[in-house]
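Descriptive structure summary
Take a look at the letters that make up each chain.
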Amino acid sequence: MYAQMVDTGSPSSMDERETRFQQRIDDGIRVEPQDWMPERYRKTLIRQISQHAHSEIVGQLPEGNWITRAPSLKRKAILLAKVQDEAGHGLYLYSAAETLGITRDQMVDDLHTGRAKYSSIFNYPTLTWADVGAIGWLVDGAAIMNQIPLCRCSYGPYARAMIRVCKEEAFHMRQGYDLMLSLCKGTPAQKAMAQDALNRWWWPSLMMFGPPDGDSVHSAQSQAWKIKLFTNDELRQKMVDQTVPQAEYLGLTVPDADLKWNAERGHYDYGDIDWEEFYNVVKGNGPCNRERLEVRNKAWTDGEWFRDALVAHADKQAQRAIAQAA
Amino acid sequence: MKNQWPLWEVFIRSQHGLAHRHVGSLHAPDATMAVNNARDVYTRRNEGVSIWVVKSIDITASHPDDKAELFDPAQAKVYRHPTFFPMPEEVKGL
Amino acid sequence: MSSARYEYLLRLGDNALILSQRLGEWCGKGPALEEDMALTNNALDLLGQARLWLSLAAEEAGDGADEDTLAYLRDDREFRNVLLVEQPNGSYADTLARQFLFDAWSSLVLRRLLASSDPAIAAIAEKAVKEVSYHLRRSSDLVVRLGDGTALSHAMLQGAIDKVWPYHHELFIGDAIDAEMVASGIGFDPEHLKDEWLAYVREVLNEATLKVPAAGGWMPKGGKQGLHSEHLSKLLAEMQTLQRSHPGASW
């Protein structure tokens, strides 16, 4: 997901305050910024929300790669607006994290120095125009599956940010599918482009949900805190079940020889995921990890004079106002 | 790191004449730019016709520990609500 | 096909399209999150304007053209944008300086076109002028802030203004197409905008404690007639790649 393998810290025995806190969460009462909360809850949320925000920000890059080459003016407008929405989502999420006592600049610094993570999915390259469609369809499709439940998560500012994000993001998936549809209805070369994109994005999209439940050490705590509402495998299964018929409609083949409907389970069975690849990408060895961070670092460093100058001007103006009043 | 833009809370009034509503926050070097940024961040989908911004640090909030004494007493005052006064159905205009 | 009105519409559309294309290059790489979003709004507005102008031009051409054939299947010699908008982004200061000079001019152009005898043109101008007024307010405000901000930002802005300045001359040079547009009441004489433009730009630069570059010097021109800088064909090669490599495909 956009937040993967979020560390929940080491559990200690709950004191009375913590028991009361857990009780409130169990009762469905939202936690708000000024409420008392266990330090582990606060830190975990900062990690999770900032990781989510970083994913939105870094996530602008793979699709942004095609803005200048979008093949029609309509598609260009749609893509520009979409990538801009992602910046907005990053902004909403950074703001939510800031209510937990961390500044945006600290979070950005954590991203740039590699202390903070972002979703593994954005370390894959967008090689063709069809990748833009595949990202919308598969990646946004996977993201929204996780984000809709998060609108009910226990931390108020996070839940409210998610509501806003979901409102804007629900149709990104449709946009992606619409793009794939027009490719699949197009020339053989366009259709081949769509199939190639599905081949490359299918497995990374399934990896997005994070390691299998058995290996997901922090899941139980996150679920108890209601900042994770479904397990990785539950969401992954949902994704497969939802996506396979969509691929069939497009006339595309899901690149999994083991994929078949299991009538007994009422779900699709799917093949083994290459978790080694996933951990490798998370560790920083994906195809684009270095490049993505370099671009973000450069944007930030190149923009420093701009940010500083606007503060300097605001300070001068404030001084001038004081001088004038005196 | 040294020159962070302060955080602002953004309030938007929608087209329908309702009161300004808190929609989120953003960073800006001063109030004028906060309004501009709010326009570019929070009204991209026709959400509003008026923007207020206020520095987050300028907001004074009630303390959650005071919740019981601040808000619980109101629960006992049912007579403040219209439903407390059942009216005869046949009488109109009340 | 090559009516004066068609040429005129191409000029309007190409200016918006090429500048929007340049601004799109910044998406995701701006100096601050809020600024990134603001600049993308700017790019989207310009792209919207480009589509309106080019659709109208396609209608005028009437040979099965549409906004996309015009945007994607013309070569650089057929583009009619001014040289200013095709200049590379450079630093964010360069981008802002280019935007400021353009916005100040474009808002005057659109205001004139509100009174066009051509209702379709006046209607597009009416929509676009509101957008550009905001762009101008934003770019002017930033120029003032950055000119005043720090020694570094002052120097960067001054350098950027000096660098882009020569390209403003072309904005005010009329030709036969302009003359025909004036005669038919569709357009205006570009030379008539110069004093007002200069007065406005001077006022903002003064407030920003920046110097207005000296008059005269190098005056590059020719974009309106299809004679561009080397930058345009590269920009188009990138923009048009899919349409060119998949002829006739729809997207």
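Computed from a predicted structure; not experimentally measured.

1. With respect to the overall build of chain C
- Tallying secondary structure elements over chain C gives 11 helices and 0 strands in all.
- For 251 residues, the compact-globule estimate of 2.2 N^0.38 gives 18 Å, and chain C sits close to it at 18 Å.
- Seen through its C-alpha atoms, chain C measures out along the principal axes to roughly 55 × 40 × 30 Å.
- Relative to its 251 residues, chain C shows a buried fraction of 62%.
- Taking the contacts inside chain C whose residues are at least 6 apart along the sequence as the reference set, 80% of them involve residues at least 24 apart.
- For chain C, the exposed area adds up to about 9,200 Å²; of that, 56% sits on carbon and sulfur atoms.
- Of the charged side chains in chain C, 24 are positive and 37 negative; the average position of the first set lies 3 Å away from that of the second.

2. Notes on the side chain of N41 of chain C
- Mapped onto the elements of the fold, N41 of chain C is located in helix α2 (residues 33–61).
- Residue classification places N41 of chain C among the buried residues on the basis of a relative accessible area of 12%.
- In contact with N41 of chain C, not counting residues within four places along its chain, are Q84 of chain A together with R39, D40 and R44 of chain B.

3. Let's talk about the packing of α2 of chain C against helix α5 (residues 92–113) of chain C
All names here are of chain C.
- It is at 13 Å that the axes of α2 and α5 come closest, and there the two elements cross at 40°. With respect to α5, the element α2 is oriented oblique. Both α2 and α5 take part in a crossing whose hand is left-handed. Contacts from E35, L39, N42, L46 and W53 of α2 reach α5 at Y92, Q99, F102, L110 and L113.
- Looking at the contact of α2 with α5, its residues break down into 7 nonpolar, 2 polar and 1 charged.

4. Section: the side chain of S20 of chain C
- Residue placement: S20 of chain C occurs in helix α1 (residues 4–24).
- Among residues more than four places away in sequence, those in contact with S20 of chain C are A43, L46 and L47 of chain C.

5. Some details on the interface of chain A and chain C
- Opposite the 47 residues of chain A that make contact, chain C presents 48 residues.
- Both sides of the chain A and chain C interface together cover about 3,900 Å² of buried area, and 68% of this is carbon and sulfur.
- On inspection of chain A and its partner chain C, the count reaches 3 salt bridges.
- Residue R320 of chain A is joined to D148 of chain C by a salt bridge in which the shortest nitrogen-to-oxygen separation is 2.8 Å.
- On inspection of chain A and its partner chain C, the count reaches 19 residue pairs in polar contact (both at pLDDT 80 or more).
- The element best represented in the side of chain A that touches chain C is helix α4 (residues 73–98) of chain A, accounting for 14 residues.
- Taken together, the residues of the side of chain A that touches chain C sort by class into 26 nonpolar, 11 polar and 10 charged.

6. A few points about the interface of chain A and chain B
- Taken together, the contact between chain A and chain B spans 24 residues of the former and 22 residues of the latter.
- Between chain A and chain B the total buried area reaches about 2,000 Å² when both faces are included, carbon and sulfur atoms providing 51% of it.
- If you look at where chain A meets chain B, you find 5 salt bridges.
- A salt bridge links E168 of chain A to R45 of chain B; the nearest nitrogen and oxygen atoms lie 3.5 Å apart.
- At the junction of chain A and chain B, the tally comes to 9 residue pairs in polar contact (both at pLDDT 80 or more).
- Elements represented by at least two residues in the side of chain A that touches chain B include exactly α4, α5 (104–112), α7 (156–184) and α13 (304–325) of chain A.
- Per element, the largest residue contribution to the side of chain A that touches chain B is 7 residues, and it comes from α13 of chain A.

7. Let's talk about helix α11 (residues 275–285) of chain A
Residue and element names in this part refer to chain A.
- For α11, the set of buried residues is W275, F278, V281 and V282. Taken down its axis, α11 places every buried residue within 120° of arc, on the same side. Turned more than 90 degrees away from the buried face of α11, the exposed residues are E276 and K283.
- In this structure, the buried residues of α11 make contact with α8 (188–207), α10 (232–250) and α12 (289–302).

8. A closer look at helix α6 (residues 129–150) of chain A
Residues and elements named next belong to chain A.
- With 22 residues, α6 extends 31 Å between its outermost C-alpha atoms, agreeing within 8% with the 32 Å of an ideal straight helix rising 1.5 Å per residue.
- Where burial is concerned, most of α6 is hidden: 21 out of the 22 residues are buried.
- N-capping of α6 is provided by T128, with a side-chain oxygen placed 3.2 Å from the backbone N of A130.

9. Description of the sheet that holds strand β3 (residues 50–55) of chain B
Residues and elements named next belong to chain B.
- Across the sheet, which stays open at both edges, the 3 strands sit in the order β2-β1-β3 with antiparallel pairing between neighbours. Among the strands making up the open sheet, the edge pair consists of β2 (21–27) and β3. This sheet shows a mean twist of 30° between the axes of neighbouring strands, independent of strand direction.
- Sheet topology places strand β1 (residues 7–13) next to β2; 6 bridges connect them, and they run antiparallel. Residue pairing in the sheet places W8 in a bridge with L26 of β2.

10. Focus: a nonpolar patch on the surface
- On the surface, V78, Y79, F84, F85, M87, V91 and L94 of chain B cluster together to form a nonpolar patch covering roughly 720 Å² of accessible area.
- Locating M87 of chain B in the fold gives a position in the segment after α2 (67–75).

11. Quick look at the packing of aromatic side chains
Residues and elements named next belong to chain C.
- Enumeration according to the criterion identifies 21 aromatic pairs over all chains in this entry.
- Ring centres of W165 and W197 lie 5.6 Å apart, and the angle between their planes is 35°; on these two criteria the pair is classed as tilted. One end of the pair, W165, is in the loop between α7 (151–164) and α8 (176–183); the other, W197, is in helix α9 (residues 194–207), with 32 residues separating them in the sequence.
- Judged by relative accessible area, W165 falls into the buried class, the value being 5%.

12. Some words on the pattern of salt bridges
All names here are of chain A.
- Considering all chains together, one arrives at 39 salt bridges over all chains under this definition.
- The residue K82 makes a salt bridge to E86 at a minimum N-O spacing of 3.5 Å. Taken together, the residues K82 and E86, both in helix α4 and 4 residues apart, mark about one turn of the helix. Like E86, K82 is buried.
- Ionic pairing is found between R115 and D110, a salt bridge with its closest N-O pair at 2.8 Å.
- On the basis of relative accessibility, which here comes to 56%, the residue R115 falls in the exposed class.
- Connected via shared salt-bridge partners are E63, K82, E86 and D140.

Rules behind the numbers
Residues numbered from 1 in each chain as written. Chains lettered and ligands numbered in written order. Predicted model: local features only at pLDDT ≥ 70, side-chain atom pairs only at ≥ 80, totals over all residues. Heavy atoms only, no water. Helix = DSSP H or I, 4+ residues; strand = E, 2+ residues; numbered from the N terminus. Rg over C-alpha atoms; globule rule 2.2 N^0.38 Å. Buried < 20%, exposed > 50% of the residue type's maximum accessible area, 1.4 Å probe, protein only. Contact = heavy atoms within 4.5 Å. Areas by Shrake-Rupley, 256 points an atom, 1.4 Å probe, with all protein chains shown as cover. Lys, Arg positive; Asp, Glu negative; His and termini not counted. Charge placed at Lys NZ, Arg CZ, Asp CG, Glu CD. Axes fitted to C-alpha atoms, helices over the stretch in contact; angles between N-to-C directions. Parallel < 35°, antiparallel > 145°, perpendicular 65-115°, else oblique. Left-handed = near helix turned anticlockwise from the far one by under 90°. Nonpolar A, V, L, I, M, F, W, Y, C, P; charged D, E, K, R; others polar. Buried area = accessible area lost by both parts, 1.4 Å probe. Salt bridge = Lys/Arg side-chain N within 4 Å of Asp/Glu carboxyl O. Polar contact = N/O pair within 3.5 Å; in protein donor to acceptor, adjacent residues only side chain to side chain. Arc of directions from axis to C-beta. Expected span 1.5 Å × (residues − 1). Pairing = 2+ DSSP bridges. Patch = residues over 30% accessible without salt bridge, like charges linked within 9 Å, V, L, I, M, F, W, Y side chains within 5 Å. Phe/Tyr/Trp six-rings, centres within 6.5 Å; stacked < 30°, edge-to-face > 60°.

On their own, these measurements won't tell you what the molecule is for.
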